[in-house]
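One-letter residues, chain by chain:
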Amino acid sequence: MTSLSIIVPLFNEQESLPDLIEQLYAAMHEKELHDLFLETFSFEIIMVDDGSTDSSCTLISNMILSMPELRLISFQRNYGKTAALSAGFMAATGNYICTIDADLQDDPFAIKDLIKRLQEGYDLVSGWKKERKDPISKTLPSKLFNTITRLFTGIPIHDFNCGLKVYRKEVTRRLELRGDMHRYIPVLAEWMGFKITELPVRHQARKFGTTKYNASRFFSGLFDFLSVLFIIRYLQRPMHFFGMAGLISFLLGFTISLYVTLDKILLHKPVSNRPILFLGILLLILGVQLFSTGLLGEMLSTSSSKESSFAVRETLNLTSGQVGKFSNPN
Ligand code: UDP
Ligand code: MG
């Protein structure tokens, strides 16, 4: 049986919810969607209320009474979209997972197109708001963000942060998100070896409520960008980063100190009034510190690796016990 879990992160979206849920149900009953599957098809809609202070939560609780496919996870307070998505991923039971924003800006009827693309052999299909209906204060920074991310990661997609995405469950099962990392999901997925592509989707202006993101997101976005870059390059080998930096610093400090010492011994120049001496000492200490940080990083990454650090696409001729060991997707 094929099942689809739709995850909807929401924060104070009471006006949009009735229309959204109605449209999602209509989209789930479309013949074109059912035609994509050979087997019977079922779905669930997981609403993740990210600490809303309006009546979003009550509204969903009431709707659940007559809609068995609807589920609700309600956070104690506002933790952010990344946490909401993570909670949804954990609760999802489907073999296909879809995320969609709650503000009606994404089109529920595009889900079937994304799934169709996924079935062409991809693990993640990200929507691309090709004609984005948002004010320029959003579209311009977003263009910049996408260009920088594309340049640094080499992943050729245009819209990393589109709310509308479809995944195979193996991808969401392995994603470990922190901070505001939902913006970099395609980067992390690609790094784990999953096949990623994008599909242009229709985008609409926000009808109700206001955007939940303002200028402060650029800073959190920047820091998350740095940690994602670090994760994809050095997570499993922190020593390669800290060790190299430490070694360079130590060698430089050592050379300077040696030079000052030889000057003193051979040419009898005084040492105490030479600023370069302090630079040498500083670089030596910094080198040792960076090196120890690298060692600590290695210890942490060894002891905290809960699962295997690789994603297995398929195994042949192994017993189920052996397969479990490799956390096989099936
Ligand atoms: N959202 C959330 N928690 C937050 C901020 C936003 O769950 O702390 C949800 C929000 O309700 C919406 C989606 O994330 O469903 C995207 O947010 P928004 O539309 O404000 O972002 P924009 O489209 O303006 O980038
Ligand atoms: Mg929006």
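For the structure, check the block above.
Residues numbered from 1 in each chain as written. Chains lettered and ligands numbered in written order. Predicted model: local features only at pLDDT ≥ 70, side-chain atom pairs only at ≥ 80, totals over all residues. Heavy atoms only, no water.

**Student:** Just to check I follow, could you spell out empty space enclosed by the protein for this structure?
**Tutor:** Using a probe with the size of a water molecule, rolled over the atoms, empty space left in the structure can be pinpointed. Following the criterion strictly, the structure yields 2 cavities of 30 Å³ or more and no others. Space inside the largest cavity adds up to approximately 70 Å³. Around the largest cavity sit 13 residues that line it, and Lys 81, Leu 85, Thr 99, Cys 162 and Gly 163 are the ones nearest its centre. Contributing elements (two or more residues each) for the lining of the largest cavity: α4 (81-91) and β6 (165-168). Looking at the lining of the largest cavity residue by residue, the classes come out as 6 nonpolar, 4 polar and 3 charged. (1 Å grid on protein atoms, 1.4 Å probe; cavity = no way out; pocket = protein on both sides within 12 Å on 5 of 7 lines; lining within 4 Å. Points joined across faces, edges and corners; volume = space filled by probe spheres on them. Helix = DSSP H or I, 4+ residues; strand = E, 2+ residues; numbered from the N terminus. Nonpolar A, V, L, I, M, F, W, Y, C, P; charged D, E, K, R; others polar.)

**Student:** Can you walk me through the coordination of the magnesium ion (ligand 2) in this structure?
**Tutor:** Under perfect tetrahedral coordination by four donors, a metal shows angles of 109.5 degrees; under perfect octahedral coordination by six donors, it shows angles of 90 or 180 degrees. Protein coordination at the magnesium ion (ligand 2) comes from Asp 103 (OD) and Gln 105 (OE1), with a distance range of 1.9 to 2.0 Å. By the burial criterion, Asp 103 is buried, and Gln 105 matches it. (Donors = N, O, S within 2.8 Å, 3.2 Å for Na, K, Ca; no water. Buried < 20%, exposed > 50% of the residue type's maximum accessible area, 1.4 Å probe, protein only.)

**Student:** Teacher, can you tell me more about unusual backbone geometry here?
**Tutor:** Residue Leu 104 is not a glycine yet carries a positive backbone phi of 70°. By relative accessible area, which is 7% here, Leu 104 ends up buried. The backbone phi angle of His 268 is positive, close to 55°, even though this residue is not glycine. Relative to the helices and strands, His 268 is located in the loop between α10 (238-267) and α11 (275-303).

**Student:** Is there a simple way to explain the site of ligand 1 in this structure?
**Tutor:** Around ligand 1 lies a shell of 18 residues, among which Glu 13, Asp 50, Asp 103, Thr 211 and Lys 212 are the nearest. At a separation of 3.2 Å, an oxygen atom of ligand 1 approaches a polar side-chain atom of Gln 105. For ligand 1, the accessible surface in isolation is 530 Å², of which the surrounding protein chains cover 95%. When atoms are counted within 2 Å of each cavity's grid points, the one that captures over half of ligand 1 is the largest pocket. Among the residues making up the shell around ligand 1, the classes are represented as 5 nonpolar, 4 polar and 9 charged. (Near = heavy atom within 4 Å. Polar contact = N/O pair within 3.5 Å; in protein donor to acceptor, adjacent residues only side chain to side chain. Areas by Shrake-Rupley, 256 points an atom, 1.4 Å probe, with all protein chains shown as cover. Sits in = over half its atoms within 2 Å of the grid points.)

**Student:** Whenever I open this one, the side chain of Lys 129 confuses me. Can you help?
**Tutor:** With respect to the helices and strands, Lys 129 occurs in the loop between β5 (124-128) and α6 (136-153). Apart from the residues lying within four places of it in its own chain, the contact partners of Lys 129 are Asp 159, Asn 161, Cys 162, Val 201 and His 203. (Contact = heavy atoms within 4.5 Å.)

**Student:** Any chance you could explain the packing of α6 against helix α9 (residues 217-234) here in plain terms?
**Tutor:** The description of two helices packed together rests on the angle between their axes and the distance between the axes. It is the contact of α6 with α9, at a shortest axis distance of 12 Å, that shows an interaxial angle of 15°. Accordingly, the angle class assigned to the pair α6 and α9 is roughly parallel. Of the two elements, α6 crosses α9, and the hand of that crossing is right-handed. Every residue of α9 that contacts α6 at Lys 138, Pro 141, Ile 148, Thr 149, Phe 152 and Thr 153 is listed here: Arg 217, Phe 218, Phe 225, Leu 229, Ile 232 and Arg 233. Across the contact of α6 with α9, the residue classes tally to 7 nonpolar, 2 polar and 3 charged. (Axes fitted to C-alpha atoms, helices over the stretch in contact; angles between N-to-C directions. Parallel < 35°, antiparallel > 145°, perpendicular 65-115°, else oblique. Left-handed = near helix turned anticlockwise from the far one by under 90°.)

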